[in-house]
Each structure stands twice: as C-alpha cells, then as structure tokens.
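# Examining the three-dimensional arrangement
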Amino acid sequence: MVFDIAPTDKGTELRFTHVGLKPSEECYDVCHDSWHFYIASLRDLISKGSGQPNKGEENANPTVVPQNENIGLERMAASDGAEMIVMTTAAAKPGIESKVRDALRDVAGAARKQSGCIDYSVFRSRAEPNVTICVERWASRQERDAFLGSADAKNFVSAITGAFLERPSPISYTTLEVGS
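All values reported here derive from a predicted model rather than from experimental measurement. (Residues numbered from 1 in each chain as written. Predicted model: local features only at pLDDT ≥ 70, side-chain atom pairs only at ≥ 80, totals over all residues. Heavy atoms only, no water.)

### Focus: the overall build of the chain
Basically, it comes down to this: Helix and strand labels come from DSSP, where a helix needs a run of H or I of at least four residues and a strand needs a run of E of at least two; each type is numbered from the N terminus. Contacts are assigned to residue pairs that have any heavy atoms within 4.5 Å of one another.
Scanning the chain for helices and strands turns up 4 helices and 6 strands. The order of α-helices and β-strands along the chain, N terminus first, is β-β-α-β-α-β-β-α-α-β. Contacts in the chain between residues at least 24 apart in sequence constitute 62% of all its contacts with a sequence separation of at least 6.

### Section: helix 3 (residues 141-148)
Counted only if it meets this: Per-residue accessibility, obtained with a 1.4 Å probe over protein chains only, is compared with the maximum for each type, and a residue is labelled buried under 20%, exposed over 50%, and partly exposed between these values. This arc describes the spread of directions from the helix axis toward the C-beta atoms.
What helix 3 keeps buried is the set R141, R144, D145, F147 and L148. Projection of helix 3 onto a plane perpendicular to its axis shows the buried side chains occupying an angular sector of 160°, all on one side. Looking at the buried residues of helix 3, the elements they touch are strand 3 (84-91), helix 2 (97-112), strand 5 (131-138), helix 4 (151-160) and strand 6 (171-173).

### Things to note about the pairing of strand 3
How we decide: Strands are treated as partners if at least two bridges between them are detected by DSSP.
Buried residues dominate strand 3, accounting for 6 of its 8 residues. Bridging between strand 3 and strand 5 involves 8 bridges; their strand directions are antiparallel. If you follow T89 over to strand 5, its bridge partner there is I133. Relative to strand 6, strand 3 runs antiparallel, the two being bridged by 3 bridges.

### Remarks on the pairing of strand 1 (residues 2-8)
Sheet analysis places strand 1 next to strand 2 (residues 11-17), joined by 7 bridges and oriented antiparallel. Bridging across to strand 2, V2 finds its partner in T17. Where strand 1 hands over to strand 2, the hairpin turn is made up of 2 residues, counted between the paired strands.

### Regarding the nonpolar core
Here is the rule we go by: Among the buried residues, those of types Ala, Val, Leu, Ile, Met, Phe, Trp, Tyr and Cys that are joined through side-chain atoms within 4.5 Å form a nonpolar core.
Formed by 19 residues in total, the largest nonpolar core has its most connected members in V100, A111, Y120, W138, F147, F156 and I160. Of all the elements in the fold, those that place two or more residues in this core are helix 2, strand 4 (117-124), strand 5 and helix 4. If one sorts the elements of this core by residue count, helix 2 sits on top with 7 residues. Excluding residues within four positions of it along the chain, F147 makes contact with V107, A110, A111, Q114, W138, D152 and A153.

### Thoughts on the confidence of the model for the chain
In plain terms, the rule: How sure the predictor is of each residue is captured by pLDDT, a score from 0 to 100.
Averaged over all residues, the pLDDT of the chain is 77; the fraction at 70 or higher stands at 80%. The model gives residues 57-79 a pLDDT under 50, and that stretch makes 52 contacts with residues more than four places away or in other chains.

### Some remarks on the sheet that holds strand 4
Put simply, the test is: To define axes, lines are fitted to C-alpha atoms, for helices over the stretch in contact only, and angles between the resulting N-to-C directions are given on a 0 to 180 degree scale.
The antiparallel open sheet is built from 4 strands, whose spatial order is 4-5-3-6. Strands at the two margins of the open sheet, each flanked by one partner only, are strand 4 and strand 6. Strand-to-strand twist in this sheet, taken as the mean axis angle between neighbours without regard to direction, amounts to 15°. Of the strand pairs in this sheet, strand 4 and strand 5 are connected by 7 bridges, and their pairing is antiparallel. Of the residues in strand 5, the one forming a bridge with S121 is V135. Against the sheet, helix 3 engages strand 3, strand 5 and strand 6, with an angle of about 125° to strand 5.

### Topic: the packing of helix 2 against helix 4
Helix packing for two helices is described by the angle between their axes and how far apart those axes are. As a reminder, the rule being used: Just so you know how the angles are binned, under 35 degrees is roughly parallel, over 145 roughly antiparallel, 65 to 115 roughly perpendicular, and the rest oblique. When residue character is reported, Ala, Val, Leu, Ile, Met, Phe, Trp, Tyr, Cys and Pro are called nonpolar, Asp, Glu, Lys and Arg charged, and the others, Gly included, polar.
Between helix 2 and helix 4, the least distance of the axes is 10 Å, while the angle of their chain directions is 170°. Regarding the angle of helix 2 to helix 4, the classification is roughly antiparallel. Two secondary-structure elements touch here, helix 2 through K99, A103, L104, V107 and A110 and helix 4 through D152, F156, A159 and I160. Here the contact of helix 2 with helix 4 is built from residues that sort into 7 nonpolar, no polar and 2 charged.

### Points about the environment of Q142
We apply this condition: Here a polar contact is taken to be a pair of N or O atoms separated by no more than 3.5 Å, where protein atoms must pair a possible hydrogen donor with a possible acceptor and residues adjacent in sequence count only if both atoms sit in side chains.
The topology assignment puts Q142 in helix 3. By relative accessible area, Q142 is classed as partly exposed at 35%. Measuring from C-alpha to C-alpha, the distance between Q142 and G116 comes to 8.8 Å, with 26 residues separating the pair along the chain. Here S140 takes part through its side chain, which lies 3.3 Å from a polar atom of the side chain of Q142.

See below:
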C-alpha cells in the first residue's frame, strides 16, 4: 500500500495505490470495493472528524474477527498443474503470539514433508512481531488442495481459529517468467 501526499492549491492531495492489484487478481473486486469504502471513510475522518471504520455494524471493533467466524484455509480452484505460490499475512491477537507461531511451525513442518511442497516458509515482522507472513510454493494447486484436506491442516485451523486480529486472506500467485 502506498500513500502519496502532495500539496495543492486547495490544500493537500492524498493518493492511495494498492501496488500490484490488477483486475486479473482473484481478490480484485473485494479489495477494490473495500479500499473505496475505507478511503472514503478516511477522507471523512480527516475532513469531518468522523469516519466509518467498520463496514456494517455487526462488529463493534473493526480489528477483531467475530469468534464464530471460521477462518479456514481456502481451497483454490483446480488448474493446469502449474506451480503455485500462496502468500498469507496475518496479525496475531495480543498475548497469543507464541501459540500462533507454534501452530505455524507445526503446519510448515507438516507441509514440507508433502511430495508436492517445494517450500513453506514463515516470516515474522521485525517492526510488528505479532505479524507473520507464510509463503507456500507447491508443484500444483492439486498438491496444495490435497494438503489442505489433511489432518495436519485441519489441526492447524483448529489451533488458530479466533487467534488473529483480522481474517487472514491467502493470495495465490504463479511464477512470472522474465527474460534473462
């Protein structure tokens, strides 16, 4: 996310860019609509002193996922068997960061033992130690789907349900072939 701020004749211009968000991405519609809502809320907060930080009123705290929401691991649609990369960023709730890290270590270890797993790495933010990024590389979507159906993946989901400030949203990628 990039925020460019520049002075203008009328005051200040704030330009927001979600780098890499393209209509071809599977999350494009949701992200586009959500950013439109939240940026408008930010404008109202700045100009009127009050924004609407929560889309809908069902959740009084916009940073907390309702306890009954199943965060699940999304299954991707079947593909042509091409390599697949999945990246998931999530922030653990205060006080349970070590529980989340243990669950992530367990699922990463289990995934790495699968024949279709090329790599499964987990990173932690230096600036915000409760924030982790999982980077999965699989030989194909089918291989990842097989793992998501395993007992190890189901145990992971059970261990982390309700553990994050916001619902993690896995994003899938394919390798971009570039010239040498």
